[in-house]
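What follows is each chain in one-letter form.
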Amino acid sequence: MPSASTKAAATDAVADTRLSPGRPGYRRMSFALFAAGVATFALLYATQALLPAVSADFGVSASAASWTVSAATGALALCVLPLSALSERFGRRTMMTASLAVAVALGLLVPFAPSLEWLVALRAVQGAALAGLPASAMAYLAEEVRPKALVAAIGLFVAGNSIGGMSGRIVTGWAAQLWGWRAALAAVGLMALVCAVVFRLMIPKARHFATGSLSPRTLARTVGTHLSDPLLMRLYAIGALFMTVFGAVYTVIGYRLVEAPFSLPQGVIGSIFLVYLVGTVSSAAAGKLVGRMGRRGALYLAVATTAAGLLLSLSDALAGVLLGLVLITAGFFAGHAVASSSVSRTAKTGRAQASALYQSAYYLGSSAGGTLGAVAFHAGGWAGTVLLGLVAVLGVVSLTLYGTHAARVQNRKSRETYNHTASPRVLRA
């Protein structure tokens, strides 16, 4: 049998072949996944800034048009777990390439949708295709990047997501103002095509992938274990509720700003999504917040910031609305960062499936938020959407308070058990 020193040397040799800053391939890998992240979120939310134009062209309500966003995010939520399992069999690089290729092809077809029904259907298939990328990208990074460089590598991928979400909305906003919403979607499709080509040319071959099992029984057992964990279930619900707020606000905000008293043009409304840069900063600061305040303290701060932003957005002054969006965005990204990072920390086994379940809940929250936010706006105006957001925020507070109470009860039981088992030893001594 190999000695402990031999095993350690073998482990070090494997680690040395993995990517890290300064090593060949690391920069190519980072740039490739950044491009993939840009393409993913640009395609996923391509219609969000265009909803007023889609409504006007097809003569439908905000709630009907919102399905062009909700169908994509909902399909992604439903497909992320099975496609992450397929990547165990066919490889992360292959899955990411196939997902991007199909999504981009559909992105180039979407502008030609003859009706709202066709547009929603194409967007749903596009969302399902994109589901193969997020979980596969995280698994690829975990396998190919040295542990010390992993956080930075994941950060670049997430940055690509936020930049893609922001740039896609800005591009569509200005393109729609100049040439119409169909040309705007075509522009996003072409941008995603360039990103997909860059990804395929730059992404290094996987060197540490090991084919996994596709056994439905094994997958079901792992998923069942995660779904029976109370803390994981609370984290999934918190992620979904935060995304409900975010999805509702950004699905409906275009309708509010295009109306009086603001009456902003489509290009300016698209530029509002520059606020996403605030989220990049707040998500990066979430780690420091957790270090100072603890996980629950950071969640309470994120909730308070989001709620303050919702209330401030009720203002009839554009400056008040913009400041409200800044606070909502900062609170959402901070809360999402805390909840998502806590999932990997909590799950002891099957971390890929635990993360996939979180992403499913997250995107279901986005889908629900987009649809319910539009319904609330149709029923009660912007105040209705804000009310929906405050209810979701209250749900996060309730779950966090319950988690605090459960932790105290568990600690008390642990102390009582310790005292009960320790007392006989004291008497015998």
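Analysis parameters
- Residues numbered from 1 in each chain as written.
- Predicted model: local features only at pLDDT ≥ 70, side-chain atom pairs only at ≥ 80, totals over all residues.
- Heavy atoms only, no water.
- pLDDT = per-residue confidence, 0-100.
- Helix = DSSP H or I, 4+ residues; strand = E, 2+ residues; numbered from the N terminus.
- Contact = heavy atoms within 4.5 Å.
- Phe/Tyr/Trp six-rings, centres within 6.5 Å; stacked < 30°, edge-to-face > 60°.
- Buried < 20%, exposed > 50% of the residue type's maximum accessible area, 1.4 Å probe, protein only.
- Core = buried A, V, L, I, M, F, W, Y, C linked by side-chain atoms within 4.5 Å.
- Salt bridge = Lys/Arg side-chain N within 4 Å of Asp/Glu carboxyl O.
- 1 Å grid on protein atoms, 1.4 Å probe; cavity = no way out; pocket = protein on both sides within 12 Å on 5 of 7 lines; lining within 4 Å.
- Points joined across faces, edges and corners; volume = space filled by probe spheres on them.
- Nonpolar A, V, L, I, M, F, W, Y, C, P; charged D, E, K, R; others polar.
- Expected span 1.5 Å × (residues − 1).
- Lys, Arg positive; Asp, Glu negative; His and termini not counted.
- Polar contact = N/O pair within 3.5 Å; in protein donor to acceptor, adjacent residues only side chain to side chain.

Asks: Lay out the confidence of the model for the protein in plain terms, naming residues and giving numbers.
Replies: Scored by pLDDT, the protein comes out at a mean of 84, with 86% of its residues at no less than 70. Within the protein, the element-level pLDDT minimum falls on helix H1 (residues 4-16), averaging 48, and the maximum on helix H7 (residues 116-130), averaging 96. Contacts of residues 4-15 to residues separated by more than four positions or lying in other chains number 3 contacts, the stretch itself having pLDDT below 50. pLDDT under 50 marks residues 425-429. Its contacts with residues more than four places away, or in other chains, come to 0 contacts.

Asks: Describe in detail the packing of aromatic side chains, supporting the description with residues and values.
Replies: Scanning the model with the defined rule gives 11 aromatic pairs in all. Pairing Tyr 358 with Tyr 362 gives two aromatic rings, centres 6.1 Å apart and planes at 25°, and the pair type is stacked. In this pair, Tyr 358 and Tyr 362 both sit in helix H16 (residues 351-428), 4 residues apart, roughly one turn of the helix. The same class applies to Tyr 358 as to Tyr 362, namely buried. Three or more aromatic residues link up through ring pairs in this structure, and these residues are Phe 246, Tyr 250, Phe 273, Phe 332, Phe 333, Tyr 358, Tyr 362 and Tyr 363.

Asks: Residue-level account of the nonpolar core, with values.
Replies: If you look at the biggest cluster of nonpolar residues, it comprises 116 residues, and the most contacted ones within it are Leu 33 and Tyr 250. In terms of residues, this core owes the most to one element, helix H12 (residues 230-258), which gives 15 residues. Excluding its chain neighbours within four sequence positions, the residues that come into contact with Tyr 250 are Gln 48, Phe 273, Val 275, Tyr 276, Leu 325 and Thr 329.

Asks: Kindly report on the pattern of salt bridges, identifying the contributing residues and their values.
Replies: Taken as a whole and assessed by the stated rule, the structure comprises 1 salt bridge. Between Asp 316 and Arg 256 there is a salt bridge, with the nearest N and O atoms lying 3.7 Å from each other. A residue pair is termed long-range when its members are at least 10 positions apart, and Asp 316 in the loop between helix H14 (276-312) and helix H15 (318-346) and Arg 256 in helix H12 qualify at 60 residues. A residue is classified by how much of its surface remains accessible, and Asp 316, at 59% relative accessible area, is exposed.

Asks: Let's hear about empty space enclosed by the protein: which residues, and what values?
Replies: The tally for this structure, following the rule as stated, stands at 4 cavities of 30 Å³ or more. Approximately 90 Å³ is the volume attributed to the largest cavity. Lining the largest cavity we find Leu 231, Arg 234, Leu 235, Ile 238, Arg 295, Arg 296, Leu 299, Leu 399, Thr 400, Gly 403 and Thr 404. For the lining of the largest cavity, the secondary structure elements donating two or more residues are H12, H14 and H16. Considering only residue class, the lining of the largest cavity consists of 5 nonpolar, 3 polar and 3 charged. Of the volumes computed, that of the second largest cavity is approximately 50 Å³. Those elements giving two or more residues to the lining of the second largest cavity turn out to be H7 and helix H10 (181-202). Here the lining of the second largest cavity gets 3 residues from one element, more than from any other, and that element is H10. Taken together, the residues of the lining of the second largest cavity sort by class into 5 nonpolar, 4 polar and 1 charged.

Asks: Give a description of helix H6 (residues 92-109) that names residues and reports values.
Replies: Compared with an ideal rise of 1.5 Å per residue, which puts 18 residues at 26 Å, H6 spans 26 Å between its outermost C-alpha atoms and is within 8% of the ideal. Contacts made by the buried residues of H6 are with helix H2 (26-44), helix H5 (67-90), H7, helix H8 (134-144) and H10.

Asks: So, the side chain of Arg 123: which residues are in play, and what are the values?
Replies: Its place among the elements puts Arg 123 in helix H7. An unpaired buried charge is present at Arg 123: no salt bridge exists, and Glu 117, the closest side chain of opposite charge, is 14 Å distant. Separated by 2.7 Å, the side chain of Arg 123 and the backbone oxygen of Leu 43 make a polar contact. Once residues within four sequence positions are removed from consideration, Arg 123 is found in contact with Leu 43, Leu 44, Tyr 45, Ala 46, Thr 47, Thr 68, Val 69, Ala 72 and Val 110.

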